[in-house]
Amino acid sequence: MQEIIDKIYYVGVNDRNKELFEGLWPLPDGVSYNSYLINDDKVCLIDTVEVDFFMPFIRNIHEVIGDRQIDYLVINHMEPDHSGSIALIKKYYPDIKIIGNKKTFGMMEGFYGVNDNCVEVKNGDVLELGGHVLKFVLTPMVHWPETMVTLDTSCNVLFSGDAFGCFGALNGGLIDSQINCDTFWLEMVRYYSNIVGKYGTPVQNALKKLAGVPIDYICSTHGPVWHEHIGKVVGMYDSMSRYETAPGLVVCYGTMYGNTEHAAEVIARAASQAGLKDIVMYNVSKTHHSYIIRDVFRYRGLIVGAPTYNTGLYHEMDVLLSELAGRDIKNHCLGWFGSHGWASRAVAKIQEWNDTRLHFEPVGTPVDIRQSLDSETFAMCEALGKAMAEKLLAE
Ligand code: FEO
């Protein structure tokens, strides 16, 4: 197994089998469950892996320490993609001491029935392993209540849990300096927006706690170990957790027979003609909302449109708006449009989402299309696209 620095080894695994992370989020390039082993006077394991991968996990551990026992298991995060192997690790290492905080152990008993040999730590507590010294920093609600990070102060390594993680399996290389990271940047935004995105304030609080701390390696639980790009990934997390965006536009639509899509095309073209360069368009029935949420986190403008269906809003658009509303996204502008065959509901339903849950800044005049675009609604779509572009460019 690869040594990252000074007796700290990677012992994680790759999952290229799962279709949907958490049963929700597509994994076209897989995902890694990262775990780390410090082979010092005392042996310390940092987090585990999803239980389906226990056999490669224990093989990795044996490759590093052979028959040595593990003294400590640090649990930075109890979500089962990282805690899933706790019970089996205890079978292999019955004397192992499990380190967590006040919120950790109730979850551990609930998920796995494990409640013995627990060592509770508080913010700032320290554990000496020999040459290595670990300091625990509590970072609640990034993105579960028990989340914490562990700092190895002897070599400036941050074991950050999910923070700074991203989708995508590790294909041989582990440390960012060993790999072309181009594919990981958008997957980091997708991971953040999908998984952590609701918790911008706790992320900001965690970043403040770590400000000024020297860090040479960030070892998260998903994706590459960050070394060369630490400034970039910390900057990305800072920006995303402030809900900062670029002046671009997501145009997202549902369509049954092409009429709502026609309106979306007119809107996007008008936005482009008004000078806006960053425009992305999605058919909400074709593109998983995971990717649309990602781009809503990237761009300030959003225009959504869908047909009326069963006297309500076209279901796939309802799902997207529900997912966006659940993330308490700030600093966005919204335009909207809808279509209907004989009874108009979609436009009112989108407005209801915005008034009650989204609270984005409305831009332009909503367009309600009966059956298909006519000269009046065509012009209104052009006006909507232009108004959004001018708003975004003016800022
Ligand atoms: Fe990767 Fe929140 O678990």
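Parameters at a glance
- Counting from 1, residues in each chain are numbered in the order their sequence is written.
- Only residues with pLDDT of at least 70 are given local features in this predicted model, and only at 80 or more are side-chain atom pairs given and counted; all residues enter the totals for whole chains, interfaces and linings.
- Excluded from the side-chain calculation are hydrogens and water; included are all heavy atoms of the structure.
- Secondary structure elements are taken from DSSP: a helix is a run of H or I of four residues or more, a strand is a run of E of two residues or more, and numbering for both begins at the N terminus.
- Note on exposure labels: buried denotes an accessible area under 20% of the residue type's maximum, exposed denotes more than 50%, and partly exposed covers the range between, all computed with a 1.4 Å probe on protein chains only.
- Under this definition, polar contacts are N or O atom pairs within 3.5 Å; protein pairs additionally need one hydrogen-donor-capable and one acceptor-capable atom, and for neighbouring residues in sequence, both atoms have to be side-chain atoms.
- Contacts: residue pairs with any heavy atoms within 4.5 Å of one another.
- Patches were defined on residues exceeding 30% relative accessible area and lacking a salt bridge, with like-charge contacts within 9 Å and nonpolar side-chain contacts (Val, Leu, Ile, Met, Phe, Trp, Tyr) within 5 Å.
- In this description, accessible areas are obtained by the Shrake-Rupley approach with a 1.4 Å probe, and a residue is regarded as covered only by the protein chains that are shown.
- A pairing counts as a salt bridge when a side-chain nitrogen of Lys or Arg comes within 4 Å of a carboxyl oxygen of Asp or Glu.
- Using a 1 Å grid laid over the protein atoms alone, points where a 1.4 Å probe fits but cannot get out form a cavity; open sets with protein on both sides within 12 Å along at least 5 of 7 lines form a pocket; any residue with an atom within 4 Å of a point counts as lining.
- Grid points are joined across faces, edges and corners, and a volume is the space filled by probe spheres set on the points.
- Angles here are taken between N-to-C directions and fall from 0 to 180 degrees, while the axes themselves are lines fitted to C-alpha atoms, restricted in helices to the stretch in contact.
- If an angle is under 35 degrees, it is roughly parallel; if it is over 145, roughly antiparallel; if it lies from 65 to 115, roughly perpendicular; otherwise it is oblique.
- Gly is put with the polar residues, along with every residue not named as nonpolar or charged; the nonpolar set is Ala, Val, Leu, Ile, Met, Phe, Trp, Tyr, Cys and Pro, and the charged set is Asp, Glu, Lys and Arg.
- In short, DSSP must find at least two bridges between two strands for them to pair.

Looking at an unreviewed UniProt entry, one finds the protein named FprA family A-type flavoprotein, with Xylanibacter muris as its source organism.

Concerning the side chain of Asn76
Among the structural elements, Asn76 can be located in the loop between strand 9 (72-74) and helix 2 (80-83). Accessibility expressed as a relative area gives 0% for Asn76, which makes it buried. Within the structure, Asn76 has its side chain in polar contact with the side chain of Thr150 (distance 2.8 Å). Beyond its immediate chain neighbours, meaning those up to four positions away, Asn76 contacts Ile46, Asp47, Glu146, Thr147, Met148, Val149, Thr150, Phe159 and Gly161.

Brief notes about a nonpolar patch on the surface
On the surface, Met256, Tyr257 and Tyr309 cluster together to form a nonpolar patch covering roughly 390 Å² of accessible area. By the secondary structure assignment, Tyr309 is in strand 19 (residues 299-309). A relative accessible area of 41% means that Tyr309 is categorised as partly exposed.

Some points on the layout of surface pockets
In this structure, the largest pocket occupies an estimated 350 Å³ of space. Every residue lining the largest pocket is counted, 17 residues in all, and those nearest its centre are Met256, Pro307, Thr308, His340 and Gly341. Listing elements by their share of the lining of the largest pocket, those giving two or more residues are helix 8 (259-273), strand 19 and strand 21 (333-340). When residues of the lining of the largest pocket are assigned to their parent elements, the largest contribution, three residues, is made by strand 19.

Topic: the packing of helix 5 (residues 182-196) against helix 9 (residues 289-298)
Between helix 5 and helix 9, the shortest axis-to-axis distance is 8 Å and the interhelical angle comes to 95 degrees. Relative to helix 9, the element helix 5 lies roughly perpendicular. Touching Leu186, Val189, Arg190, Tyr192, Ser193 and Asn194 of helix 5 are Ser290, Tyr291, Ile293, Arg294, Phe297 and Arg298, all from helix 9. In the contact of helix 5 with helix 9, the residues fall into six nonpolar, three polar and three charged.

Some words on the pattern of salt bridges
According to the stated counting rule, one finds 15 salt bridges in the structure shown. Among the salt bridges present, the one from Lys18 reaches Glu50, with a minimum N-O distance of 2.9 Å. With Lys18 in the loop between strand 3 (13-15) and strand 4 (20-21) and Glu50 in the loop between strand 8 (43-46) and helix 1 (54-65), this residue pair connects regions lying 32 residues apart in the sequence. Judged by relative accessible area, Lys18 falls into the partly exposed class, the value being 24%. Judged by its relative accessible area of 16%, Glu50 falls in the buried class. Here Glu361 and Lys391 are joined by a salt bridge, their closest N and O atoms 2.7 Å apart. One end of the pair, Glu361, is in strand 22 (residues 361-362); the other, Lys391, is in helix 12 (residues 375-394), with 30 residues separating them in the sequence. Its relative accessible area of 35% is what places Glu361 among the partly exposed residues.

With respect to the sheet that holds strand 16 (residues 217-220)
Pairing is mixed across the open sheet formed by five strands, whose spatial order is 12-13-14-15-16. Edge positions in the sheet fall to strand 12 (126-128) and strand 16, since each of these pairs with one other strand and no more. Averaged over all pairs of adjacent strands, the angle between their axes in this sheet comes to 20 degrees, without regard to strand direction. The sheet contact formed by strand 15 (residues 157-161) and strand 16 spans four bridges and is parallel. Residue Leu158 lies in a different strand from strand 16, and its bridge partner there is Ile218.

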